[in-house]
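A look at the structure
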Amino acid sequence: MRILKKNSWELPESSVTPEIDFINRRRFLKAVGLGSGALVGQSLSRAATSGFPSTANDAYKLEGLEPTEYDLIKGYNNFYEFSYDKGDVQDLANKGWQTEPWTIEIGGHVDNPVKLDVNELIKKVGGIEQRVYRFRCVEAWSMVIPWDGFQLSKIIDLVQPNAKAKFLKFTTFKDPKSAPGQKGGSIDWPYVEGLTIEEARNDLTLLATGIYGKPIPNQNGAPIRLVVPWKYGFKSIKSIVKIEFVSKRPVNTWQALQPREYGFYANVNPEVDHPRWSQASERIIGSGFFSKRKDTLMFNGYEEQVASLYEGLDLRRNF
Ligand code: MTE
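Residues numbered from 1 in each chain as written. Predicted model: local features only at pLDDT ≥ 70, side-chain atom pairs only at ≥ 80, totals over all residues. Heavy atoms only, no water.

1. Quick look at the overall build of the chain
- Looking only at helices and strands, the chain features nine helices and 13 strands.
- With 319 residues in all, the chain has 55% of them scored as buried.
- Considering only intrachain contacts with a sequence separation of at least 6, the fraction spanning at least 24 residues in the chain is 72%.
- Accessible area of the chain: about 14,100 Å², with a carbon and sulfur share of 51%. (Helix = DSSP H or I, 4+ residues; strand = E, 2+ residues; numbered from the N terminus. Buried < 20%, exposed > 50% of the residue type's maximum accessible area, 1.4 Å probe, protein only. Contact = heavy atoms within 4.5 Å. Areas by Shrake-Rupley, 256 points an atom, 1.4 Å probe, with all protein chains shown as cover.)

Structure follows, in structure tokens:
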């Protein structure tokens, strides 16, 4: 994401790779045999232990929408721990960063805190399923992604929050040796995100462990990430190591950096523009040289499922 004010951490416009340049570069790399073929042993061994193959949950199909090409989903990435350049993330996230084994800690105001390997967690919640969701970035591009994973509400059932738990705070790993982007810059690492407990309980809120029926690639947030399809993509925090049930609303990474531009809610809303991006429409990734645009839907098309969460809230002020 680009930032309005000129701060030390602001990127020049040129460092955000336009999709078409990105696609051309990858085609070129593939043609000369340099594309990252690093699907590697880590992913293969994880598949054996983490609940694959998953079964499609037909309640979450998107009729009439083509899923985005796998190569684009795993090659056009925002993961600032590795790079600000979407086209570089895939290579950098597969250069020795270990995502297996992976321990996740879930605690705070809960009766049954746990700290366990992610594959154990998948077993405890009863395995994974596949759901196809729209995915909309605040930079006004979108994809359609077949995720594998499980509902976050299953974790809530597992750890039993008490009355003090009003919000969930999610934290990503911190390991500057493996993640070069964490060596500097203005982000106060690790990346953090938050949800209200009601948002976390919503049936749509997913912890994803796969894409297209395979373990989630490192660059997409291996081995476990959040997916909140009615919110802008930055809420969907990758590579989670900790989930805390807290009483105060957490300050998420982008809100901490630029509170005028990024709020806590970040609900997709075509009527509330970001200071630098109109949110009225979106560019469909993978729709060809002159990428097609389509009108953005309120709550990214999930209004029926989530509008009640925000009844009485001024969505302009609570952006
Ligand atoms: N999570 C972490 N830890 N670090 C990040 O930089 N980027 C966010 C989100 N989650 C990010 C993150 C943003 S801005 C977007 S749009 C999505 O991840 C991108 O997910 P994708 O690369 O799988 O498309």
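2. Overview of the site of the ligand
- Around the ligand, the structure places 17 residues, and the nearest of them are Asn-77, Tyr-80, Glu-81, Arg-225 and Lys-238.
- Here an oxygen atom of the ligand and a side-chain polar atom of Arg-225 are 2.7 Å apart.
- Within the complex, 100% of the 530 Å² of free accessible area of the ligand lies under protein.
- For the ligand, the cavity whose grid points lie within 2 Å of the majority of its atoms is the largest cavity.
- Among the residues making up the shell around the ligand, the classes are represented as eight nonpolar, six polar and three charged. (Near = heavy atom within 4 Å. Polar contact = N/O pair within 3.5 Å; in protein donor to acceptor, adjacent residues only side chain to side chain. 1 Å grid on protein atoms, 1.4 Å probe; cavity = no way out; pocket = protein on both sides within 12 Å on 5 of 7 lines; lining within 4 Å. Sits in = over half its atoms within 2 Å of the grid points. Nonpolar A, V, L, I, M, F, W, Y, C, P; charged D, E, K, R; others polar.)

3. Things to note about empty space enclosed by the protein
- Within the structure shown, the criterion is met by two cavities of 30 Å³ or more.
- Put simply, the largest cavity is a space of about 330 Å³.
- Forming the walls of the largest cavity are 24 residues, and the residues nearest its centre are Asn-78, Phe-135, Arg-225, Gly-233 and Lys-238.
- For the lining of the largest cavity, the element with the most residues is strand S5 (residues 141-151), which contributes four residues.
- A per-class count over the lining of the largest cavity returns 15 nonpolar, six polar and three charged. (Points joined across faces, edges and corners; volume = space filled by probe spheres on them.)

4. Regarding the nonpolar core
- Within the largest apolar cluster, 84 residues are counted, with the highest numbers of intra-cluster contacts made by Trp-147, Ile-243 and Phe-245.
- Counting residues per element, this core draws most heavily on S5, which supplies six residues.
- Aside from chain neighbours lying at most four places away, what touches Ile-243 is Ile-104, Glu-105, Ile-106, Gly-107, Ile-155, Leu-168, Lys-169, Phe-170 and Leu-207. (Core = buried A, V, L, I, M, F, W, Y, C linked by side-chain atoms within 4.5 Å.)

5. Digging into the sheet that holds strand S2 (residues 103-108)
- With respect to topology, five strands assemble into an open sheet ordered S3-S2-S11-S6-S7, the strand pairing being mixed. This sheet does not close on itself; its edge strands, each paired only once, are strand S3 (114-117) and strand S7 (192-196). On average, each strand axis in the sheet is tilted by 15° relative to the strand beside it, whichever way the strands run.
- In this structure, strand S6 (residues 167-172) lies alongside strand S11 (residues 240-246), joined through six bridges in antiparallel fashion. Its bridge partner lying in S11, Thr-171 is registered against Lys-242. (Pairing = 2+ DSSP bridges. Axes fitted to C-alpha atoms, helices over the stretch in contact; angles between N-to-C directions.)

6. Looking at the packing of aromatic side chains
- Across all of its chains, the model carries 22 aromatic pairs by this definition.
- Pairing Trp-102 with Phe-173 gives two aromatic rings, centres 6.1 Å apart and planes at 75°, and the pair type is edge-to-face. Of this pair, Trp-102 sits in the loop between helix H4 (89-92) and S2 while Phe-173 sits in the loop between S6 and S7, and the two are 71 residues apart along the sequence. The same class applies to Trp-102 as to Phe-173, namely buried.
- Taking the centre distance of 5.3 Å and the plane angle of 85° together, the rings of Phe-264 and Tyr-265 count as edge-to-face. Here the two residues Phe-264 and Tyr-265 agree in accessibility, since each one is buried.
- Of the aromatic side chains, those joined through ring pairs into one cluster are Phe-79, Phe-82, Trp-97, Trp-102 and Phe-173.
- The ring of Phe-264 carries Lys-235 above its face, with NZ or CZ at 4.3 Å from the centroid.
- Positioned above the aromatic ring of Trp-277 is the side chain of Arg-276, whose terminal nitrogen or guanidinium carbon lies 4.6 Å from the ring centre. (Phe/Tyr/Trp six-rings, centres within 6.5 Å; stacked < 30°, edge-to-face > 60°. Lys NZ or Arg CZ within 6 Å of the ring centre and 35° of its normal.)

7. Regarding the layout of surface pockets
- Estimated volume of the second largest pocket: approximately 300 Å³.
- Lining the second largest pocket we find 19 residues, and of these Glu-66, Pro-67, Thr-68, Ile-284 and Ile-285 sit closest to its centre.
- Of all the secondary structure elements, the ones that give two or more residues to the lining of the second largest pocket are strand S4 (129-136), S5 and strand S12 (281-284).
- Among the elements that make up the lining of the second largest pocket, the one with the highest residue count is S5 (three residues).
- Across the lining of the second largest pocket, the residue classes break down as eight nonpolar, six polar and five charged.

8. Focus: the pairing of S4
- Within S4, seven of the eight residues are buried, leaving the element largely enclosed by the surrounding structure.
- The sheet contact formed by strand S1 (residues 55-56) and S4 spans two bridges and is parallel. Opposite Ala-56, over in S4, you have Gln-130 as the bridge partner.
- Counted along the chain from S4 to the antiparallel partner S5, the turn is four residues long, and its residue Ala-140 has a positive phi close to 70°.

9. Here we look at the pairing of S6
- Among the six residues that make up S6, five are buried, leaving the element largely enclosed by the rest of the structure.
- Pairing of S6 with S7 involves five bridges; the strand directions are antiparallel. Across the sheet, Phe-170 pairs through a bridge with Glu-193, a residue of S7.

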